[in-house]
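Residue-level listing of the chains:
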Amino acid sequence: MSESQEASHIHAEDVWRSYGRGKHTFDAVRGVSFTVRPGSLFALLGTNGAGKTSTVELLEGLAAPQRGRIRLFGTLDPVADRARIRPRTGAMLQEGGFISHLTVEESVQMWADLTSRPRPVAEALELAGLSHRTDVMVQNLSGGEKRRLDLAVATLSSPDVLFLDEPTAGMDAEGRHATWRLIRKLQQQGSTILLTTHYLEEAESLADQLAIMHRGRIAASGTVSEIVADHPSTLSFGLPAQWPVEQLPVSGTAEGRKGRVTVTTAQLQKDAARLLAWAEEHAVELDRFTARPASLEEAFITIASDDDTEQEQEAAQ
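Here goes a summary of the coordinates provided. Please read all numbers here as calculations on a predicted model, not as lab measurements.

Concerning the pattern of salt bridges
For side chains bearing opposite charge, pairing can occur when the charged atoms are close.
Phase 1: Enumeration over the complete set of coordinates arrives at nine salt bridges.
Phase 2: Between Arg-71 and Asp-77 there is a salt bridge; the shortest N-O distance is 3.2 Å.
Phase 3: For Arg-147, the salt bridge identified is with Asp-150, shortest N-O distance 2.8 Å. Taken as a pair, Arg-147 and Asp-150 lie in helix H6 (residues 143-154) at a separation of three residues, close to a single helical turn. This pair shows no difference in class: Arg-147 is buried, exactly as Asp-150 is.

Below is the structure:
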């Protein structure tokens, strides 16, 4: 066992998951590997059908991988050692299974009765921001409130490892930010968190490390800055018509459209400095000059589009 695996709370190595049989087999997860260290938050991103939920289900021990291996807390197998793992983990699934005619408090109490060493129900409800809705029946909750109820149940045992599958789906902006504050608080209290999300802003705000999945594979992984660093930055400005775009002193690609120029560059600071010095020397006004580094959204879209192109090429062969 490697030193990184021994020190990890979650370790996946060349994990595969397939559905169907024979010619109808579909590989939903194809050779996924990553490590999540104790106390960190790892975000798993991906397009629809990328394999995020299938991967999380393997980590939770709901199914065994066809190939590869998964270990939690260094040495424990999610399936074979489920009895030892379950008291130390919490899981928030994409959809909860609550009884619609129970109240919020009754629902959490029912789950608390099935949980080893649960936190007090009132504390769980306060943590999830549902103290004011204790007597409301589940069927009368909004979509965002139901997600908070899912979170209250997932955190009942003060888990060492917490799986959050699309935790803010269905929430408005206020509810989403409130949930982010709660997730940060749980991490500060010592929980290791694996989060799947479609909201790139959510990953940028919360994640220590992240991976982008597409078509069952991890296409990129690292910190936000590491992933974004592989993608170009952008300079944008208005340029008087008498100045050809080809004369601009930039290392990147410059394109002009309707009097406005966009420069795509891997050397943002140097090209910005060159342009501003050139404009000063030639008394040129660069209208509404902006310099913007690459974003996680741009990296995500590029990864997805590149892989779609690869899929089209494979289908043509």
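Now that the structure has been shown, we can carry on.
Here we look at the side chain of Gln-187
Phase 1: Looking at the element boundaries, Gln-187 is found in helix H7 (residues 173-188).
Phase 2: Judged by its relative accessible area of 18%, Gln-187 is buried.
Phase 3: When residues no more than four places from it in sequence are discounted, the contact partners of Gln-187 are Gly-39, Ser-40, Leu-41, Ile-193, Leu-206 and Asp-208.

Notes on H6
Phase 1: End to end, H6 covers 17 Å across twelve residues, agreeing with the expected 16 Å (1.5 Å per residue, within 8%).
Phase 2: Taking burial as the measure, the twelve residues of H6 include ten buried ones, the bulk of the element.
Phase 3: Inspection of H6 places Gly-144, Glu-145, Arg-147, Arg-148, Leu-149, Asp-150, Leu-151, Ala-152, Val-153 and Ala-154 among the buried residues, and these make up the whole buried set.
Phase 4: As for H6, its buried residues are in contact with strand S5 (89-92), helix H4 (104-112), helix H5 (121-127), strand S6 (161-165) and H7.

Analysis parameters
- Residues numbered from 1 in each chain as written.
- Predicted model: local features only at pLDDT ≥ 70, side-chain atom pairs only at ≥ 80, totals over all residues.
- Heavy atoms only, no water.
- Salt bridge = Lys/Arg side-chain N within 4 Å of Asp/Glu carboxyl O.
- Helix = DSSP H or I, 4+ residues; strand = E, 2+ residues; numbered from the N terminus.
- Buried < 20%, exposed > 50% of the residue type's maximum accessible area, 1.4 Å probe, protein only.
- Contact = heavy atoms within 4.5 Å.
- Expected span 1.5 Å × (residues − 1).

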